[in-house]
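The residues making up each chain are set out below.
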Amino acid sequence: MTVSLVKLPAPDSSQASAISSADAFSSKTKLICCAVLLFLSAAATLLAEASKTASGSYPYNTFVIPFSVEGVKLLSSACFLYIAKSSSNKGSAGEEYSWPWLFLYSVPALCYFVSNNCMFYIIRELGPTTFQITNNLKTLSTAILMRFVMSHKLTWTKVKALVLLVCGTLVTQLQPVLQPSRDQNQGVFASIGYAAVCVNAFAAGLGGVYSERLLKGKATGRNESLHWQNCQLYFFGVIFGFLSLSIQDDVGRKNLYDGFNGAAFGTVFALAACGTLVSYVLKYLDNFAKCFVNALSMLVVGVVHASTSAEGLRLPLVIGVVLTSIAIEQYNLS
């Protein structure tokens, strides 16, 4: 979820980034990175769905997963930081390690903490496919925040892409008119799910905009190491996760991971690996590769979920995935 531009003398230079990317990785390695990211993105959503019981509830405390994910990412980033510093006596050129701006990372950490917890509510109430599709609404919130917070101008092509993104997302939620309601409380549960979608989109968008300012040095005026920035971000993620667990009264649970199954542990690993890999994909690949992975992940999750459930692959879902994929592509390529 992080971007590293610390080795570039001009972070805003797309040409320098492209040259560095081409030199750093071969086409085969880039393809492997995209394939792994696609697998992890789809696996995290499907494993979270598979960890539910037959009644549709989670047998464990869902707040434990974001806490564990942040802990794993913090540990891995610390190891990468130690290796990077040990491999060079003087450290990498242009990299700085400073403490005064540590608390600035608490803002995106809180946003990502909220977003990660919304994931389970959306999957529980609306399903994994809906989560994967509506998760792209963070593109809309990011664009709006960047327009009004960072004064970035939106081209007409991007505006049309955002409208198409919203339309594609709404199309996926269309249901047959004659479909009977299975539960009187179904509407209430769906409302909770859609509320979580809105919170998730805003929190992820705000976290992304603020993270960009930090990672590019716009908020601190410094050019810090990627691993050091990740450590600061994940440190606060662990803090927020611990606080959320400490205020809960888990009566009847034997330990922190009581109720965890194989799918739940798999979700932790997939989310941690995905979050760590995204920073490198954003550094060495272009936006098209990232949006291509997002589009494919929607298709993979939709097909797998439809094949394993009685719901099937509905036409509105197929149309919505196509529209959303085109919108993401057009927004990133404009």
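The preceding data block contains the structure.
Residues numbered from 1 in each chain as written. Predicted model: local features only at pLDDT ≥ 70, side-chain atom pairs only at ≥ 80, totals over all residues. Heavy atoms only, no water.

Draft legend 1. Highlighting the overall build of the protein. Each helix and strand in the protein was counted, giving 12 helices and 0 strands. In the protein, the order of α-helices and β-strands from amino to carboxyl end is α-α-α-α-α-α-α-α-α-α-α-α. Within the protein, buried positions represent 46% of all 334 residues. Long-range contacts, defined as pairs at least 24 residues apart, comprise 88% of the intrachain contacts of the protein with a sequence gap of at least 6. (Helix = DSSP H or I, 4+ residues; strand = E, 2+ residues; numbered from the N terminus. Buried < 20%, exposed > 50% of the residue type's maximum accessible area, 1.4 Å probe, protein only. Contact = heavy atoms within 4.5 Å.)

Draft legend 2. Just the packing of aromatic side chains, in detail. Applying the stated criterion across every chain, the model contains 9 aromatic pairs. For the pair F103 and F236, a centre-to-centre distance of 5.8 Å together with 55° between the ring planes defines the contact as tilted. With F103 in the loop between α3 (64-86) and α4 (106-126) and F236 in helix α9 (residues 226-246), the pair connects residues that are 133 residues apart, well separated along the chain. Here F103 falls in the exposed class, since its relative accessible area comes to 61%. With 5.9 Å between their ring centres and 25° between their planes, Y257 and F265 make a pair best called stacked. The class for Y257 is partly exposed, based on a relative accessible area of 34%. (Phe/Tyr/Trp six-rings, centres within 6.5 Å; stacked < 30°, edge-to-face > 60°.)

Draft legend 3. Layout of the side chain of T276. On the secondary structure map, T276 appears in helix α10 (residues 262-284). Classification of T276 as buried rests on a relative accessible area of 14%. At 2.9 Å, the side chain of T276 and the backbone oxygen of A272 are in polar contact. When sequence neighbours within four positions are dropped, the list of residues in contact with T276 reads K73, S76 and F80. (Polar contact = N/O pair within 3.5 Å; in protein donor to acceptor, adjacent residues only side chain to side chain.)

Draft legend 4. Local environment of the nonpolar core. Formed by 43 residues in total, the largest nonpolar core has its most connected members in Y60, I65 and F260. Taken together, the elements giving at least two residues each to this core come down to α3, α4, α5 (128-134), α8 (186-215), α9, α10 and α12 (315-333). Ranked by residue count, the leading element in this core is α4, at 9 residues. By size, the runner-up hydrophobic cluster in this structure holds 8 residues, among which are L37, L38, L40 and V293. (Core = buried A, V, L, I, M, F, W, Y, C linked by side-chain atoms within 4.5 Å.)

Draft legend 5. Layout of the packing of helix α6 (residues 138-148) against helix α7 (residues 156-172). Two elements in contact, α6 and α7, have axes separated by 10 Å at closest approach and are oriented at 145°. Once α6 is placed against α7, the crossing between them reads as left-handed. Contacts from T139, L140 and A143 of α6 reach α7 at L162, L165 and V166. (Axes fitted to C-alpha atoms, helices over the stretch in contact; angles between N-to-C directions. Left-handed = near helix turned anticlockwise from the far one by under 90°.)

Draft legend 6. Looking closely at α7. Along its 17 residues, α7 runs 25 Å from first to last C-alpha, staying within 8% of the 24 Å computed at 1.5 Å per residue. Those residues of α7 that fall on the buried side of the exposure criterion are A161, L162, L165, G168, T169, V171 and T172. Tucked into the core, α7 has its buried residues touching α5, α6 and α12. (Expected span 1.5 Å × (residues − 1).)

Draft legend 7. Structural detail: the environment of C111. Counting through the fold element by element, C111 comes out in helix α4. For C111, a relative accessible area of 8% translates into the label buried. Along the primary structure C111 and A203 are separated by 92 residues, whereas in three dimensions their C-alpha atoms are 4.8 Å apart. Aside from chain neighbours lying at most four places away, what touches C111 is A203, L206 and G207.

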